[in-house]
Amino acid sequence: MEPIWNGNEQREEKKTHLKPVHGIALFLVVMLCFYTIIAWAQWTFGMYGLALTEIFLLVLSVGSAKLLKAPLREIFPVRKPEWKKLLAVLAGWVSAYTAVIPLTMTAAYFFPSQIFGVSDSLSSFMGSVPLLVSVLISSVMPGICEEALHRGFLLKCFQSKIHSTAGLVLLMGFLFGAFHGSVWRFLPTAFLGGVLTWLMVRTENLVYPALFHFINNFLPSVFAGFSSGQETEAASQMLMQQGLPLSFLGIYFAMACIAPFGFYTASYLLRKGEPGQEQRYLKSNKVLAVLVVLTVLPVILGMLLFVLGIVKDFL
């Protein structure tokens, strides 16, 4: 008679390892659904259609893992968070936010009607339900459901062949940008997708990207809930017609000076306390010099744009 553990070992060997082809197939299914049944659900039921969308993404992700007999704990790793890494999430989000703003506002400067039109539509969409419901649907659910898809199933599929963190960040960022289905929001969402992927690769814990995603979606939900619909619509209409002042764009670029030290601090908090990792905040004077240069550059660029904008307004 064979020992019991041998049977368990044989059953373990039968489990399917996720491959890139599985991720590509699921992503194509998701995008096909987005332009068919998901678009219909959101058009028909509004924010509640978005809630159905998020549930659908979660069921699709977990169901695909179960169908392929992949170990759920490995595909969707969830562990108790550490306070230092929670601080890293906060530092990473602030840095990502200040880095994304120049990308978004540069697009708004050249294409004001498209960018502010999309922003106005999203605000109206989220403001169509009570604030707590809006937060649940647009912040909590995406943090869980979309991260289960992107940083869970899809990332694990591509990690089997792509072992470079930079490669994963670029690929998953691209997929996250394409997933949102807007050419005007592609660069900002792709950038955020890359940061979320970096966070997941570094921690192997879905709690951290889920929290990051929640924070990123939470502020627009609150803003849409508290702002006056007429005032918001009037401001959007004005910006769509008159465009974004160049001086304002300069201010947004200057805000990006926070990002270099912010991302570096987030990385430091993630590695702090881990065996075999450098524990000093600054590894060398060379690192400090690079960070200072990267901090000063957006300030200089922002000042130049600000001055040019002021001069342009007076001419």
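All residue numbers refer to position in the chain's written sequence, counted from 1. For a predicted model such as this one, the threshold for reporting local features is a pLDDT of at least 70, and the threshold for listing and counting side-chain atom pairs is 80 or more; totals across whole chains, interfaces and linings nevertheless cover every residue. As a rule here, side-chain values come from all non-hydrogen atoms in the structure, and water together with hydrogens is ignored.

The protein chain is annotated in an unreviewed UniProt entry as CPBP family intramembrane metalloprotease from Candidatus Blautia merdavium.

(A) Main features of the pattern of salt bridges. Whenever a carboxyl oxygen of Asp or Glu lies within 4 Å of a side-chain nitrogen of Lys or Arg, that contact is scored as a salt bridge. If you walk through the whole model with that rule in mind, you get three salt bridges. One salt bridge connects Lys85 with Glu82, and the closest N-O pair in it is separated by 3.9 Å. Between Arg151 and Glu147 there is a salt bridge, with the nearest N and O atoms lying 2.7 Å from each other. Of this pair, Arg151 and Glu147 both sit in helix α7 (residues 131-159), four residues apart, which is roughly one turn of that helix. Secondary structure elements follow DSSP: runs of H or I no shorter than four residues count as helices, runs of E no shorter than two count as strands, and numbering proceeds from the N terminus.

(B) Focus on the packing of aromatic side chains. Geometry of aromatic contacts follows a simple scheme: Phe, Tyr and Trp rings, the Trp one being its six-membered ring, pair when their centres are within 6.5 Å, and the pair is stacked under 30 degrees between planes, edge-to-face over 60, tilted otherwise. For the structure shown, the criterion picks out eleven aromatic pairs. Ring geometry for Trp93 against Tyr97: centres 5.3 Å apart, planes inclined by 25°, an arrangement best described as stacked. Here Trp93 and its partner Tyr97 are both found in helix α5 (residues 83-110), four residues apart, which amounts to about one turn of the helix. Buried means the residue's accessible area, taken with a 1.4 Å probe over protein chains only, is under 20% of the maximum for its type, while exposed means over 50%, and partly exposed covers the values in between. Assessed through its relative accessible area of 10%, Trp93 is described here as buried. You can call Tyr97 partly exposed: its relative accessible area is 40%. Aromatic ring contacts, followed pair by pair, group Phe34, Phe176 and Phe179 into a single cluster. A cation sits over an aromatic face here: Arg151 above Phe176, 4.8 Å from the ring centre. Comment: the charge-over-ring label is applied if NZ (Lys) or CZ (Arg) is within 6 Å of the ring centre and within 35 degrees of the ring normal.

(C) The arrangement of the nonpolar core in detail. By nonpolar core we mean a set of buried residues, namely Ala, Val, Leu, Ile, Met, Phe, Trp, Tyr and Cys, connected to one another through side-chain atoms within 4.5 Å. Among the nonpolar cores identified, the biggest contains 29 residues, and Leu18, Leu26, Val30, Leu149, Phe153, Leu154 and Phe179 are the most heavily contacted of them. Listed by contribution, the elements that provide at least two residues to this core are α2 (20-45), α3 (47-67), α7, α8 (165-179) and α9 (186-203). Here Leu154 is in contact with Gly23, Leu26, Phe27, Leu149 and Met172, once residues within four sequence places are set aside. The next biggest cluster of nonpolar side chains, apart from the first, holds 19 residues, and it includes Val100, Trp198, Phe212 and Leu269. Two residues form a contact once any of their heavy atoms are found within 4.5 Å.

(D) Inspection of the UniProt feature "transmembrane region" (unreviewed entry) in the protein chain at higher detail. Feature annotation in UniProt assigns "transmembrane region" (unreviewed entry) to the following positions: residues 21-41, 47-65, 86-111, 123-145, 166-187, 246-267 and 287-311. Secondary structure over residues 166-187 splits into 73% helix and 0% strand, and the C-alpha atoms at its two ends are 17 Å apart. Between the end C-alpha atoms of residues 246-267 the distance is 33 Å, and the span holds 91% helix and 0% strand. UniProt positions are given in the numbering used here, feature names are shortened, and annotations may be inferred rather than shown by experiment.

(E) Molecular detail of unusual backbone geometry. Here Lys69, not a glycine, exhibits a phi torsion of approximately 55°, which is positive. The phi dihedral of Glu204 falls on the positive side, at around 55°, and the residue is not glycine. Structurally, the position occupied by Glu204 is in the loop between α9 and α10 (207-226).

(F) Quick look at the state of the cysteines. Cysteine sulfur pairs qualify as disulfides if the two atoms are within 2.5 Å. This structure, assessed with the given rule, holds zero disulfides. Between Cys145, a cysteine without a disulfide, and Cys33, which holds the nearest cysteine sulfur, the sulfur-to-sulfur distance is 15 Å.

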